[in-house]
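# Architecture at a glance
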Amino acid sequence: MSRIGKQPVNLPAGVTVEVTKDNVVKVKGPHGEMSQKVDPDIKVEVEGGVVKVTRPTDQPRHRSMHGLYRALIQNMVTGCSEMFTVRQELVGVGYRVEVNGQIMTFSLGYSHDIQFQLPKEVKAEAEAVKKGANPVLLMKSCDKQLLGQVAAKVRSLRKPEPYKGKGIKFVGEQLRRKAGKSASAK
């Protein structure tokens with residue numbers, strides 16, 4: 001039995017889960033609502049404040065989908081109740097970000113500023129910068145997959161380079177650093 005798939009998904013207060021006839025799971029919570037189409041072989045039941053996911057057989061296909069759909073439902077419940085957050089730090093002299101609604105403007109050392117359009121499900125804010133500290137971008141969403149995809153796209157605008165570490169990195173991320181040129185002794 002799948003260790004992930006057999007665990008029940010507990011519903012926090014304010015979150016409701018509904019399963020339609022065509023096996024679409026809809027989750028509503030204080031921070032939004034999401035839906036996920038589930039394979040017809042996988043059975044999803046809502047009993048009281050618990051969601052249970054079961055599979056019909058032990059075929060490899062059913063076993064893999066069992067844990068997958070349980071994890072997707074858990075992420076939807078967590079996102080609709082708490083929201084997922086990603087913090088990214090802009091390391092470099094003059095690197096900054098401005099957020100105006102759903103448009104972010106990055107100044108990353110290029111000859112031009114970069115405009116980035118956020119999806120409507122993602123909210124962003126630039127945290128106040130203390131003197132001498134790096135600017136930090138905070139993004140929130142109830143959709144974990146979309147948030148990770150947007151964060152990866154933002155990071156790709158200026159990946160951290162290995163010598164000085166300049167670029168956009170996740171807060172707390174450990175970068176592999178390389179040694180620079182060494183002066184030859186004469």
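The preceding data block contains the structure.
Notes on the structure follow. Everything numeric in this text was worked out from a predicted model, so none of it was measured. (Residues numbered from 1 in each chain as written. Predicted model: local features only at pLDDT ≥ 70, side-chain atom pairs only at ≥ 80, totals over all residues. Heavy atoms only, no water.)

## Considering the overall build of the chain
Summing up its helical and strand segments, the chain has 2 helices and 13 strands in all. A globule of 186 residues ought to have a C-alpha radius of gyration of about 16 Å, yet the chain, at 22 Å, is considerably larger. Classification of the 186 residues of the chain by burial places 37% in the buried group. Taking contacts inside the chain between residues at least 6 apart in sequence as the whole, the part at least 24 apart equals 51%. Here the chain displays about 11700 Å² of accessible surface, and carbon together with sulfur accounts for 50% of that area. The distance from the centre of the 32 positive side-chain charges to the centre of the 18 negative ones in the chain is 10 Å. (Helix = DSSP H or I, 4+ residues; strand = E, 2+ residues; numbered from the N terminus. Rg over C-alpha atoms; globule rule 2.2 N^0.38 Å. Buried < 20%, exposed > 50% of the residue type's maximum accessible area, 1.4 Å probe, protein only. Contact = heavy atoms within 4.5 Å. Areas by Shrake-Rupley, 256 points an atom, 1.4 Å probe, with all protein chains shown as cover. Lys, Arg positive; Asp, Glu negative; His and termini not counted. Charge placed at Lys NZ, Arg CZ, Asp CG, Glu CD.)

## Here's the deal with the state of the cysteines
With the rule as written, the count across this model stands at 0 disulfides. Unpaired in this structure, Cys 142 has its nearest cysteine sulfur neighbour in Cys 80, at a distance of 4.9 Å. Among the residues examined, Cys 142 registers a relative accessible area of 9% and is labelled buried. (Disulfide = S-S within 2.5 Å.)

## Considerations on the pattern of salt bridges
Overall, the coordinates contain 9 salt bridges when judged by the stated rule. Glu 121 is the partner of Lys 120 in a salt bridge, and the nearest nitrogen-oxygen pair spans 3.4 Å. A cluster of three or more residues bridged by salt bridges with shared partners is formed by Asp 39, Asp 41 and Arg 61. (Salt bridge = Lys/Arg side-chain N within 4 Å of Asp/Glu carboxyl O.)

## Describing helix H2 (residues 144-156)
Between its first and last C-alpha, H2 extends 18 Å over 13 residues, near the 18 Å set by a 1.5 Å rise per residue. Those residues of H2 lying buried are Leu 146, Leu 147, Val 150, Ala 151, Val 154 and Arg 155. Contact partners of the buried residues in H2: strand E7 (84-91), strand E9 (103-107), strand E10 (114-117), strand E12 (136-141) and strand E13 (167-170). In this structure Asp 143 caps H2, since a side-chain oxygen of it lies 3.3 Å from the backbone nitrogen of Gln 145. (Expected span 1.5 Å × (residues − 1). Polar contact = N/O pair within 3.5 Å; in protein donor to acceptor, adjacent residues only side chain to side chain.)

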